[in-house]
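Chain by chain, the residues run as shown.
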Amino acid sequence: MRLKYWIGLLLIAGAVGYLIWGGLGKSLVYFITPSEYFQDPAKYAGKRIRLGGIVKAGTIRYDPKTLKLEFVLTDGVTEVPVHHRGTPPALFKERQGVVVEGKFRGKVFYGDNLLVKHSETYQPPKEGYTPEEVRKLIREAK
Amino acid sequence: MLGWERMETARTRLDPVTVGLLALGFAVLLIGFYLALVAPPDQQQGYLVRILYLHVAAAWTGYLAFVVAGIYALFYLFTNRPAYDRVSAASAEIGLWLSLLMVLGGMMWARPTWGVYWVWEPRLTSVAVMIAVYVGYFLVRQAIEDPEMRAKAAAAVAILGVINIPITYMSVYWWRSIHQTASIDIINRKVHMAPAMLEALLVNLLAFTLIYLGFVRLKGYLAARQALKEGFDG
């Protein structure tokens, strides 16, 4: 009668084992920076990678009709032009930390999944803002 | 032999400490809820920041619950008193519910901020491992019929399971993660939160801790009643 629990236990043990040896191993280096990529591009040739960095100010171009998003990703040293298709997440903006999943084709990185990294700092909008400005900020943040 | 003689002295009425902890906990939770609702919005994510008060409070008390489960498992192995096994199981169960609450809140927050509900990155993967281990803990308890064997096997899982807590907590520091590091940063002794937000978080944390303590006592009490009944039946 207790057999089903042993089967369940086996499944859980298998899942934990898989997560530790398979999943965690892969996710430990969750993303690489552009500089790391260009140190050894051959290592990542043709592979799907996650590229992490900051969205360079003044480089965002987004066309809501075609959902084409272009921006420059930088780690402060190396810059990479990124082409992405899809609506950017709500918090996507200049100087924001992002992780893009995709592939390099030549010098351009083609992303198909865009994640925005949120900082650990939580602050209300600056002092002296009127309620209207706060509401506007919140609308923009959405 | 199995300590039934001790169980016969188990209280048959809920003690005032348990009732008091739960009543106080839920009262503080109401205050925490109010503070969370009047706390200012965050300059980046707006009102989404309010999920933090649930998410972080549930995460911390979840860790606490798993550590307590491990400590009482250790007590059990040293003394063989079934009461310690019952407290360990009660704490692990509440820890599991708190962890699921933490993940639920986190997913609600992750979708609008990161852009996805779930992603296999170090923090989330280590949380998944932690939750799977404690689901396994209850499967072990269900799979073994002999009470003493069950308690010993469960104690081993609960003690080994504690290793998950430092790994999960430190994952955002040890590895590159999309999950932000702690806003109340114990490692670097810094707080990255506005005072009003910090206050709301700490009050909610207190509420969750009180409710956790009350529920562990309540679960332990119910398990003692059940053991008493089964002892008479058998």
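As the structure is a prediction and not an experimental result, all values here were calculated from the model.

Visitor: Whenever I open this one, the overall build of chain B confuses me. Can you help?
Guide: A count of helices and strands for chain B gives 8 helices and 2 strands. Counting from the amino terminus, helix and strand elements in chain B follow one another as α-α-α-α-α-α-α-β-β-α. The long-range share in chain B, meaning contacts at least 24 apart out of those at least 6 apart in sequence, stands at 75%. Summed over all atoms, the accessible surface of chain B reaches about 11,100 Å², with 69% contributed by carbon and sulfur.

Visitor: Help me understand the overall build of chain A, please; the structure alone is not making it clear to me.
Guide: A tally of regular secondary structure across chain A gives 3 helices and 6 strands. What you see in chain A, going N to C, is helices and strands ordered as α-α-β-β-β-β-β-β-α. For chain A, the proportion of its 142 residues judged to be buried stands at 39%. Taking as baseline every contact in chain A between residues at least 6 positions apart, the subset at least 24 positions apart corresponds to 48%. Surface exposure of chain A reaches about 8,700 Å², of which carbon and sulfur atoms provide 59%.

Visitor: Even after reading the chapter, I still don't get the confidence of the model for chain B, so can you show me in this structure?
Guide: Detail in the predicted coordinates should be disregarded across regions flagged by low pLDDT. On average, residues of chain B score 89 in pLDDT, and 93% of them reach the 70 mark or higher. Within chain B, helix α1 (residues 4-7) of chain B has the poorest average pLDDT of any element, 46, and helix α3 (residues 51-79) of chain B the best, 95.

Visitor: Looking at this structure, how should I read the interface of chain B and chain A?
Guide: The figure often quoted for interface size is the accessible area lost as the parts come together. Every contact between the two is made by 48 residues of chain B and, on the other side, 41 residues of chain A. Across the interface of chain B and chain A, roughly 3,900 Å² is buried in total on both sides, 64% from carbon and sulfur atoms. By the criterion of area lost to chain A, the three top residues of chain B are Q43, Q44 and R176 of chain B, representing 19% of everything that side buries. Inspection of the chain B/chain A interface yields 1 salt bridge. A salt bridge links E36 of chain A to R176 of chain B; the nearest nitrogen and oxygen atoms lie 2.8 Å apart. Viewed at the interface, chain A and chain B are joined by 9 residue pairs in polar contact (both at pLDDT 80 or more). At the level of elements, α4 (82-113) and α5 (122-143) of chain B are the ones that each hand at least two residues to the side of chain B that touches chain A.

Visitor: Would you mind going over the packing of α3 of chain B against α4 of chain B with me for this structure?
Guide: Between two packed helices, the angle of one axis relative to the other and the distance separating the axes together describe the packing. All names here are of chain B. Here α3 crosses α4 at 160°, and the two axes come no closer than 7 Å. Taken together, the axes of α3 and α4 are roughly antiparallel relative to one another. Helix-helix and strand crossings are classified by hand; for α3 and α4 the assignment is left-handed.

Visitor: Just to check I follow, could you spell out helix α7 (residues 164-174) of chain B for this structure?
Guide: Turning to α7 of chain B, its buried residues number three or more, namely N164, I165, T168, Y169, M170, S171 and V172 of chain B. The inward-facing, buried residues of α7 of chain B contact α3, α5, α6 (147-161) and β1 (184-185) of chain B.

Visitor: Can you help me understand the pattern of salt bridges in this one?
Guide: In a structure, side chains of opposite charge can pair up when their charged atoms sit close to one another. Residue and element names in this part refer to chain A. As enumerated under the stated definition, the model contains 10 salt bridges over all chains in all. The partner of E101 in a salt bridge is R48, with the nearest N and O atoms 3.4 Å apart. Here the residue E101 occupies a position in strand β5 (residues 97-105), and R48 occupies one in the loop between α2 (34-39) and β1 (49-55), the gap between them amounting to 53 residues. Taking the relative accessible area as the measure of exposure, E101 reaches 13% and is therefore buried. Put simply, R61 and E70 hold a salt bridge, and the shortest N to O gap is 3.0 Å. One network of salt bridges, in which partners are shared, links R48, R50, E101 and D112.

Visitor: Please clarify how the nonpolar core should be interpreted in this entry.
Guide: Considering soluble globular proteins, one finds that nonpolar side chains tend to be buried as a cluster. Core analysis: the largest hydrophobic core is formed by 46 residues, its most contacted members being M102, M130, Y134 and Y137 of chain B. The set of elements that each furnish at least two residues to this core consists of α1 (3-28) of chain A together with α3, α4, α5, α6, α7 and α8 (195-233) of chain B. When residues of this core are assigned to their parent elements, the largest contribution, 12 residues, is made by α5 of chain B. Not counting the four nearest positions on each side in its chain, Y137 of chain B is found in contact with S88, A89, A92, A154, V157 and A158 of chain B.

Visitor: Quick question: what am I supposed to make of the pairing of strand β4 (residues 79-85) of chain A here?
Guide: On a regular strand, each side chain points to the face opposite its neighbour's, so the side chains alternate between the two faces of the sheet. Residues and elements named next belong to chain A. Because side chains alternate across β4, one face comprises the buried residues V80, V82 and H84, and the other comprises E79, P81, H83 and R85, none of which is buried. Looking at chain direction, strand β3 (residues 68-74) and β4 are connected through 7 bridges and run antiparallel. Among the inter-strand pairings, F71 is bridged to a residue of β4, identified as V82. The turn linking β3 back onto β4 is made up of 4 residues, and G76 within it adopts a positive phi angle of 95°.

Analysis parameters
Residues numbered from 1 in each chain as written. Chains lettered and ligands numbered in written order. Predicted model: local features only at pLDDT ≥ 70, side-chain atom pairs only at ≥ 80, totals over all residues. Heavy atoms only, no water. Helix = DSSP H or I, 4+ residues; strand = E, 2+ residues; numbered from the N terminus. Contact = heavy atoms within 4.5 Å. Areas by Shrake-Rupley, 256 points an atom, 1.4 Å probe, with all protein chains shown as cover. Buried < 20%, exposed > 50% of the residue type's maximum accessible area, 1.4 Å probe, protein only. pLDDT = per-residue confidence, 0-100. Buried area = accessible area lost by both parts, 1.4 Å probe. Salt bridge = Lys/Arg side-chain N within 4 Å of Asp/Glu carboxyl O. Polar contact = N/O pair within 3.5 Å; in protein donor to acceptor, adjacent residues only side chain to side chain. Axes fitted to C-alpha atoms, helices over the stretch in contact; angles between N-to-C directions. Parallel < 35°, antiparallel > 145°, perpendicular 65-115°, else oblique. Left-handed = near helix turned anticlockwise from the far one by under 90°. Core = buried A, V, L, I, M, F, W, Y, C linked by side-chain atoms within 4.5 Å. Pairing = 2+ DSSP bridges.

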